[in-house]
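In case you want the letters, here they are:
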Amino acid sequence: MDVTIFGSGYVGLVTGVCLAEVGNNVLCVDVDPKKIDLLNSGGVPIYEPGLDELVQKNREAGRLNFTTDAEAGVKHGLFQFIAVGTPPDEDGSADLQYVLAVARSIAEHMDTYRILVDKSTVPVGTADKVANEVREVLKRRGTDLEFDVVSNPEFLKEGAAIDDFMRPDRIIVGTDNPRTAELLRALYAPFNRSHDRLIHMDIRSAELTKYAANAMLATKISFMNELSNIAETVGADIEKVRVGIGSDPRIGYQFIYPGCGYGGSCFPKDVRALEQTARALGYDPQLLHAVEAVNFRQKTLIFNKIHQWFDGDLKGRAFAIWGLSFKPNTDDMREASSRVLMESLWDAGASVRAFDPVAMEETRRIYGERPDLVLTTDAMSAVEGADGLIIVTEWSEFRSPSFEAIKKALSSPVIFDGRNIVDGTLARAAGLSYLSIGRAPLT
Ligand code: NAD
């Protein structure tokens, strides 16, 4: 089938590549000429495991092409996927300007029936807005071409995006038109073979399903973080509590790890956007508000521990940071806890020596060259001469370090573990103090 994807970011590129991989003829459109040039010359603008190989393979097979030409995109595909960003507006609601711009562009250039498939995460009611936008442009053009708008939210996880798309837990298709639902079912058939995972529902429920999923996951994290702070206060160990509650199948072990807060391009913005949607309609979503408030506080926790440990005397100190991306296996630093931490350290007059397996370039792009930020070529170089080691992202390679080497390299022997991933008793045995989340310090 012929498919067009507007937006070649994490979602658009992965969707395009995976649809091409099963034999479709995919044209990806993006407004960023640098991104398109890079893709056309065989590069990939983001880090995502397995993505480079699939882009290369499908480009070479001629099934995957890239352009900045929106008109060519509209002419190409029966399916017109919208996978552009929906960043937070000033009040936290989703900014729909990019989604609506794509809708107008499709309406401007279409000359036959088109299916607009919304993959971006958008508030309930957006499909109606998209349809209105298209109708207005078509009216101005003096035509009444047929079209459909489908809500098809994406659930992929950065770091495992290809696998999530290829083997989805569910495929949500929101449309009131049974014929369009069947066309989407056919497009997704290669990803839906072992058993039926396609869930067909009305458009509004599909739009809300995406927010509901992210809000639920964010709630689990904030709940555990709230509990971890209580555990510290009452002298309990949150890791023991975690194992104790996770064994109940109604609770389960997934997504109940305590830590220094969630980040990324989805949870923070989606929880806020859902809160705003509810507020705009006169409902006070108290739980959602608390989920974000707890997370905001959690992102300052490590800095507060450091501040307390050094009696507020941080000026002129240097700290090693392991992990900058918002989670492992991605270079995405949107709303990452590392950013709150680094900025607080800089405000306090301290400097940072940081290492991340893939997010160094992204860090350079965000912060540029500055004297209080040294990006090192490996994890141990970051620790050299630092006043403490802070673990912010739970990359596998940080889990079993040589505590003896860390002790030797640090000028002040203390580890702040923002993800509870290293063995504190081993750190302590090597002569390091160890502070973590939701447990008593080992000093
Ligand atoms: P992104 O910022 O990585 O990519 C968006 C792309 O859209 C950019 O390359 C931008 O240049 C392009 N763009 C903007 N306006 C355009 C236009 N008019 N025509 C063509 N291209 C245009 O964003 P992302 O992370 O891929 O997220 C896209 C959407 O998917 C968001 O709504 C997000 O909430 C949602 N989502 C993201 C994830 C994730 O893990 N990143 C997962 C599920 C859903």
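Please read all numbers here as calculations on a predicted model, not as lab measurements.

Glancing now at the site of the ligand. Close to the ligand lie 26 residues; Gly7, Gly9, Val11, Ser120 and Thr121 are nearest. Those elements giving two or more residues to the shell around the ligand turn out to be helix 1 (10-21) and helix 5 (97-109). Looking at the shell around the ligand residue by residue, the class counts come to twelve nonpolar, nine polar and five charged.

Another point: the UniProt feature "domain: UDP-glucose/GDP-mannose dehydrogenase C-terminal" (unreviewed entry) in the protein. If you check UniProt for "domain: UDP-glucose/GDP-mannose dehydrogenase C-terminal" (unreviewed entry), the listed places come out as residues 320-424 in our numbering. Structurally, residues 320-424 is divided into 30% helix and 17% strand, and its ends, taken at the C-alpha atoms, are 17 Å apart.

A few words on the UniProt feature "binding site: NAD(+)" (unreviewed entry) in the protein. In the numbering used here, UniProt assigns the feature "binding site: NAD(+)" (unreviewed entry) to Asp30, Lys35, Thr86, Thr121, Glu158, Lys269 and Arg334. Separation in sequence by 305 residues is matched in space for these annotated residues, since their most distant C-alpha atoms are 24.1 Å apart. Relative to the helices and strands, Thr86 is located in the loop between strand 4 (79-82) and helix 5. When near neighbours in sequence (up to four residues on either side) are disregarded, Thr86 contacts Ala94, Asp95, Leu96, Val99, Ser120, Thr121 and Val122. In contact with Arg334, other than residues within four places in its own chain, are Gly263, Gly264, Ser265 and Phe326.

Moving on, we come to unusual backbone geometry. At Asn329, a position not held by glycine, the phi torsion is positive, near 65°. In this fold, Asn329 is placed in the loop between strand 9 (318-322) and helix 14 (337-347). Of note in this structure, Asn420 is not a glycine but carries a positive phi near 55°. The exposure class assigned to Asn420 is buried, which follows from the 21 C-beta atoms found within 10 Å.

This part takes up the domain arrangement of the protein. The assigned domain composition of the protein is domain 1 (2-201), domain 2 (211-297) and domain 3 (299-435). Between domain 1 and domain 2, the C-alpha centre-to-centre distance is 30 Å. Opposite the ten residues of domain 1 that make contact, domain 2 presents nine residues. Its residues placed into classes, the side of domain 1 that touches domain 2 shows six nonpolar, three polar and one charged.

Right, let's get into the nonpolar core. Core analysis: the largest hydrophobic core is formed by 72 residues, its most contacted members being Val14, Ile82 and Leu116. Residue assignment places this core across two domains, with domain 1 (2-201) and domain 2 (211-297) each supplying three or more. Apart from the residues lying within four places of it in its own chain, the contact partners of Ile82 are Phe6, Gly7, Val99, Val102, Leu116, Val117, Asp118, Lys119 and Ser120. Ranked by size, the runner-up nonpolar core spans 49 residues in total, among them Ile238, Leu345, Ala427 and Leu435.

How each quantity is defined
- Residues numbered from 1 in each chain as written.
- Predicted model: local features only at pLDDT ≥ 70, side-chain atom pairs only at ≥ 80, totals over all residues.
- Near = placed C-beta within 6 Å.
- Helix = DSSP H or I, 4+ residues; strand = E, 2+ residues; numbered from the N terminus.
- Nonpolar A, V, L, I, M, F, W, Y, C, P; charged D, E, K, R; others polar.
- UniProt positions renumbered as here; feature names shortened; annotations may be inferred.
- Contact = placed C-beta atoms within 7 Å.
- Buried ≥ 20, exposed ≤ 12 C-beta atoms within 10 Å, placed from the backbone.
- Domains from an automatic or database assignment.
- Core = buried A, V, L, I, M, F, W, Y, C linked by C-beta atoms within 7 Å.

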